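# Observations on chain architecture
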Amino acid sequence: MKKYVFFSILIYAAFAVEHAHADTLIRTGCSKDYPGVQWFIYEDADGNRYSTKDPRSRKCGYRRYLNLSMEKEYGDRFDPAIVNVDYKDMLGREEGWGMVHHKTSIGYAEREGCCTVKIYGDGRIGDGIFTLGRTEIQFRIEEEPVCEFVDEPKYYASSIRTDCEGYTQKGGQELIYYGEDDDRIVTWELGVLVYASHYYYGEDLDVGIIQEIDLEDKTHRQVQKWQKRVAEYNKVYEKSGVHIRFKLTKLWLTHYHSLRDVYSIVNQKSIDVALAYGISNEGTCGVARVKTWFKEGQPPFSMSKCSIYTDLHEIGHSVGLAHGPENQSWQARGYIFPDFGHGYNDICGTKDDLMSYGYEGYFHSNSTLFCDEIVDTWYEGLWAGGSTPQGISGSTSPTISLGVLKVSSSRPLHKTTSNLSCQAGARFSTTC
């Protein structure tokens, strides 16, 4: 019985609330001075009158107009097609809009600022349709431009060839290239494998991923540690004039013993670069598998257990950078660009390129910058990549060697999107 009484009370309460708000509309009309505004005069149950207004009344002429136009009709995975969005009311006032009701038939779209949408390629090429609300516009996704070789290979993939800018290159892969003036920043999606030891996790551990750590959990100790560490990587690249920034995309608690294990774990993962942290080969701080050919789904990978400079040193190896011809040991020129894709000692006074074995290797050398621009120490007139600007002889930055790394190195910025560009992952993936 009680439940029926309670139900009756609810019905009465609902009726009372509805009745309290069911005031009488006395009069309504459209404003003469403000187009699109409709006013209302109500009277409540006590005879009191009050007014309200609807500033966006279609009955009174309010209209909104959405126009899409192409600022740049063609795009690719790194250089987007650009859509201008013009959304205004009948008086020409800007209206707010969002990307909730949008879709694109190929590629993916990102809003930038108040009035622009950028559409990047996703590996497919051809004509596409971008839709915002009910308005559509056509764009086109093309293949990325490459720096073609000017000579014929003697041996496929293993030959030394000359690229479109006249630089010697190994590996036989034509790299993405937008021209000498290209200075865009490329994002590398980084996957980190945190070593899980037998001591803490038991003797029956198998090689592989134990747990994927949620990067949204900002209180997680490993998330805090690696977000900070990645920020430090990016500071080094920024100071060195390297046109690449890392973005921590995956963080795994992982068990592995060797580079072979690391490869088996990261193969076909949707990342650009992989770093396994916690152990290395006996007697080393880090080790890497050198890559001179880049393919989507096979990210460069390395192992490290020491400082951030060791991490960057090994990542550099994994994308084709070498120690240098005058290194203390394991001398080698750039594995992809032998003229400059390697480190040097004493580039800026006693300061060394971090690809070398020098004790003060805290940066990548760059022949387009002065030493004091990188190391915050006054070296009057001393270039951070050799004695002359843009010189090839004294540069070690990954920009070149990395190709896609967009790191600036001892060469003009032209390879900013070379091999590493080919590795820019889910968003920046390529099939160079």
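Coordinates for the structure precede this section.
Here's a quick rundown of the structure. (Residues numbered from 1 in each chain as written. Predicted model: local features only at pLDDT ≥ 70, side-chain atom pairs only at ≥ 80, totals over all residues. Heavy atoms only, no water.)

This paragraph deals with helix α4 (residues 259–266). Within α4, the full set of buried residues consists of Leu259, Asp261, Val262, Ile265 and Val266. On an axial view of α4, the arc spanned by its buried residues comes to 155°, and they lie on one face. For α4, the elements touching its buried residues are β14 (186–195), β15 (208–212), β16 (244–255), β17 (273–277), β18 (286–288) and β19 (301–304). Taken from the residues just after α4, Gln268 is the one with a positive phi, measuring 70°. (Buried < 20%, exposed > 50% of the residue type's maximum accessible area, 1.4 Å probe, protein only. Helix = DSSP H or I, 4+ residues; strand = E, 2+ residues; numbered from the N terminus. Arc of directions from axis to C-beta. Contact = heavy atoms within 4.5 Å.)

Bringing helix α5 (residues 308–318) into the picture now. In terms of residue burial, α5 counts as a mostly covered element, since ten of its eleven residues are buried. Residues of α5 that are buried: Ile308, Thr310, Asp311, Leu312, His313, Glu314, Ile315, Gly316, His317 and Ser318. Where α5 ends, the next residue or the one after it, Gly320, has phi of about 105°, a positive value.

Before going further, it helps to examine unusual backbone geometry. Here Trp330, not a glycine, exhibits a phi torsion of approximately 50°, which is positive. Position of Trp330 relative to the elements: it lies in the loop between α5 and β20 (352–353). Classification of Trp330 as exposed rests on a relative accessible area of 67%. Despite not being glycine, Asp346 shows a phi value in the positive range, around 55°. If you trace the backbone, Asp346 turns up in the loop between α5 and β20. Residue classification places Asp346 among the partly exposed positions, given a relative accessible area of 48%.

Looking at where Glu232 falls in the secondary structure, it is placed in helix α3 (residues 221–240). Relative accessible area serves as the criterion here: at 30%, Glu232 is assigned to the partly exposed category. For Glu232 and Tyr309, which are 77 residues apart along the polypeptide, the C-alpha to C-alpha distance reads 9.6 Å.

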